[in-house]
Amino acid sequence: MTPEKKLTILQDLIQIPSVNDHEADVADYIADLFAPYPQAKVERLTYAPGRDNLIVTIGNAAGPRLGLSGHMDVVAPGDTTAWHHDPFGGEIVDGRMYGRGTSDMKSGLAALVVTMLDLLDQGVDLPGSVRLLATVGEETGEYGAAQLTDAGYADHLAGLVIAEPSGLDNVVYTARGVIDYKVVSTGKASHSASPEKGINAIDNLMTFYNAVRSLMAQHTKVDPVLGGLLHNVDLISGGEQINSIPAHAELMANMRTIPAYPNHVLYAELEGLIAQLNQEPGVQLTLSYSYPEEAIPGDPNAPLVQLAKQVSDQVCGHDIQIVGSGGANDGAEFLRAKGDFTSIEMGPGSATSHQVDEYVDLDDYLQAIQIYQQLIPAFFAQFTK
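Summarised in this report is the structure supplied together with it. Starting afresh in each chain, residues are numbered from 1 along the sequence in its written order. In keeping with the predicted nature of the model, local features appear solely for residues at pLDDT of at least 70, side-chain atom pairs appear and are counted solely at 80 or more, and the whole-chain, interface and lining totals rest on all residues. Side-chain figures throughout are based on the complete set of non-hydrogen atoms in the structure, without hydrogens or water.

1. Things to note about the pattern of salt bridges
Note the following rule: The salt bridge definition used is simple: a Lys or Arg side-chain nitrogen within 4 Å of an Asp or Glu carboxyl oxygen. Under the DSSP-based scheme used, a helix requires at least four consecutive residues in state H or I and a strand at least two consecutive residues in state E, with every element numbered from the N terminus. Each residue gets one of three labels from its accessible area relative to the maximum for its type: buried under 20%, exposed over 50%, partly exposed in between, using a 1.4 Å probe on protein chains only.
Applying the stated criterion across every chain yields a total of 11 salt bridges. With a shortest N-O distance of 3.1 Å, D150 and R336 are connected by a salt bridge. Note that D150 is positioned in helix α4 (residues 143-150) and R336 in the loop between α8 (331-334) and β18 (343-345), a separation of 186 residues in sequence. For D150, a relative accessible area of 58% corresponds to the exposed category. We note a salt bridge from R336 to E333, for which the minimum N-O separation is 2.7 Å. For E333, a relative accessible area of 8% corresponds to the buried category. Through salt bridges with shared partners, a single ionic network connects D21, E23 and R51.

2. Description of the sheet that holds strand β19 (residues 359-361)
Our working definition: Any two strands with at least two DSSP bridges between them are considered paired. It only takes one pair of heavy atoms within 4.5 Å for two residues to be counted as in contact. The axes are straight lines fitted to the C-alpha atoms, using for helices just the contacting stretch, and the angles between their N-to-C directions are given from 0 to 180°.
Overall, antiparallel pairing links the 3 strands, which are arranged β4-β5-β19 in an open sheet. The two strands at the open ends of the sheet, each matched to only one other strand, are β4 (92-93) and β19. When strand β5 (residues 96-98) meets β19, the two strands line up antiparallel, connected through 3 bridges. By the bridge assignment for β19, Y98 is matched with Y359. Lying over the sheet, helix α9 (residues 362-381) contacts β4, β5 and β19, oriented at roughly 65° with respect to β19.

3. Overview of the environment of L251
One can find L251 in strand β15 (residues 248-257). Spatially, the C-alpha atoms of L251 and L235 are 5.4 Å apart, while their sequence positions differ by 16 residues. Residues within four places of L251 in sequence aside, it is in contact with Y181, K182, V183, L205, F208, Y209, V233, L235 and I236.

4. What about the side chain of N204?
With respect to the helices and strands, N204 occurs in helix α5 (residues 201-216). When residues no more than four places from it in sequence are discounted, the contact partners of N204 are S185, I199, G282, V283 and L285.

5. What about the sheet that holds β15?
Read from one edge of the open sheet, 4 strands run β13-β15-β9-β16, paired in antiparallel fashion. The open sheet is flanked by β13 (230-238) and β16 (285-293), the only strands paired with a single partner. Taken over all neighbouring pairs, the strand axes of this sheet differ in orientation by 15° on average, direction set aside. Packed on one face of the sheet, α5 meets β9 (177-186), β13, β15 and β16 and runs near 15° to β15. Each of β9, β15 and β16 is contacted by helix α6 (residues 263-277), which is oriented at about 170° to β16, the strand it contacts most.

6. Comments concerning the packing of aromatic side chains
The condition is simple: When two rings of Phe, Tyr or Trp (its six-membered ring) have centres within 6.5 Å they constitute a pair, described as stacked for plane angles under 30 degrees, edge-to-face for angles over 60, and tilted for the intermediate range. When the NZ atom of lysine or the CZ atom of arginine is within 6 Å of a ring's centre and also within 35 degrees of its normal, the charge is said to sit over that ring.
As enumerated under the stated definition, the model contains 6 aromatic pairs in all. Between Y181 and F208, the ring centres sit 6.3 Å apart and the planes meet at 85°, which makes this aromatic pair edge-to-face. With Y181 in strand β9 and F208 in helix α5, this pair connects stretches of sequence that are 27 residues apart. Of the residues examined, Y181 reaches a relative accessible area of 1% and is grouped as buried. Judged by its relative accessible area of 0%, F208 is buried. Both rings, one in F379 and one in F380, keep their centres 5.5 Å apart while their planes meet at 70°; by these two values the pair is edge-to-face. F380 shares its class with F379; the two are buried. For R96, the ring lying beneath its charged end belongs to Y359, and the centroid distance is 4.0 Å.

7. Things to note about helix α2 (residues 23-34)
To be explicit about the condition: Helix span, as expected, comes to 1.5 Å for every residue beyond the first.
Over its 12 residues, α2 extends 17 Å from the first C-alpha to the last, a length consistent with the 16 Å expected when each residue adds 1.5 Å. Of all 12 residues making up α2, 9 are buried, and the element is well covered by its neighbours. The complete set of buried residues in α2 reads E23, A24, V26, A27, Y29, I30, A31, L33 and F34.

8. Comments concerning the nonpolar core
Here is the rule: Only buried residues count toward a nonpolar core. Its members are Ala, Val, Leu, Ile, Met, Phe, Trp, Tyr and Cys residues joined through side-chain atoms within 4.5 Å.
Judged by nonpolar contacts, the single largest core of 66 residues is most densely connected at I30 and F34. Apart from residues no more than four positions distant in its own chain, I30 is found in contact with L13, L54, L109, V113 and L132. Counting 24 residues, the second-largest nonpolar core is a separate cluster that includes V212, L215, L266 and L277.

9. Describing α9
Because an α-helix packs 3.6 residues into every turn, residues spaced three or four apart end up facing the same way. Taking 1.5 Å of rise per residue, 20 residues should cover 28 Å, and α9 covers 29 Å from first to last C-alpha, within 8% of that figure. Taken together, the buried positions of α9 are L362, Y365, A368, I369, I371, Y372, L375, I376, F379 and F380.

10. What about the packing of α5 against α6?
Here is the rule we go by: Crossings are assigned a handedness: left-handed for a near helix turned anticlockwise from the far helix by less than a right angle, right-handed for a clockwise turn. Gly counts as polar in this scheme, as do all residues outside two lists: the nonpolar Ala, Val, Leu, Ile, Met, Phe, Trp, Tyr, Cys and Pro, and the charged Asp, Glu, Lys and Arg.
Viewed as axis vectors pointing N to C, α5 and α6 meet at an angle of 145°, and their least axial separation amounts to 11 Å. Handedness of the crossing formed by α5 with α6: right-handed. In contact with T207, F208, A211, V212, L215 and M216 of α5, α6 contributes L266, E269, L270, L273, I274 and L277. Of the residues in the contact of α5 with α6, the class split is 10 nonpolar, 1 polar and 1 charged.

11. Details of unusual backbone geometry
A cis geometry characterises the amide bond from D104 onward to M105, with omega recorded as -15°. The backbone of H22 shows a phi angle near 60°, a positive value even though the residue is not glycine. Along the chain, the position of H22 falls in the loop between α1 (3-14) and α2. Its relative accessible area of 43% is what places H22 among the partly exposed residues. We note that D357 has phi near 55°; this positive angle belongs to a residue other than glycine. By secondary structure assignment, the location of D357 is in the loop between β18 and β19.

Keep in mind these values describe shape, not function.
Next up, the structure:
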């Protein structure tokens, strides 16, 4: 495939405004690219109307299977007047392509697609199979990856490469998990001149707030790569007006977890605290979670990690770092699949993800394709020695 065609594929993807929705439009485009190849098995798994996960499998099903993954959704561009480039234009200026998703992560997704198309064009006889898992909803909860995992599409992988924008200087082998939770406090309204006739929902919520801060401060273990457990209350609201005792208050908190504290341990602690406080007179607290994800443990010496570093070192011409990530990704869901496999993040991108004038350096995008093109045969070679 010519460099011009590779850039066109990325540009076409950027011009599809799949902002937390409409991933089926991206899936349609990618499926059309594979339509001329009868040896490519193209499947869809619908999450909701207009939101299709896409699965493309090529190669020999009798051999080991390498998973390649990228998400098709992007975050909103925000105030478009602050952009110097059309957020969905895919404009190319001075060796960079600008637009929402150029970094996170349509450049990575496009690089995976181009790599697979090149394998088909070249008639490479793979001793195993390569499966693209293109997901919906990563930016808002990894629920596309969860659906694909529950449906068995990630079962028995021999390895998984997620093309998140690690930058080509890094191979990410471990990542924090996440727990977003909400606590709602229900009280009883009354005139503020007669507080004894009401139940102050804010007071009860603040009791939880202080208690949970003390509880989470007890988690002092530190991961040598990821750091410690993070817990932040980021949203809080309550009350109706200044002269009324509030009948309703709520907070939302974000936790960034580490392998030393699995999510189920933290769930038990939060739920235990809620149960304890609800025993107090007048306290009525409810707890709910939003798309929690486990931390991704990893081994920096795992064969796939070391192979990705070796290939990247050769292609990029400098020493690639093996690192961890503070953000959650689809890998947390895929690792629930049957089988035991290593998951890594490695993809093109810049430090502008989710920002105004997001961009990717086109040299990095093309270099990522070279890395994947060399990594895939090298990966399968491990099984034929």
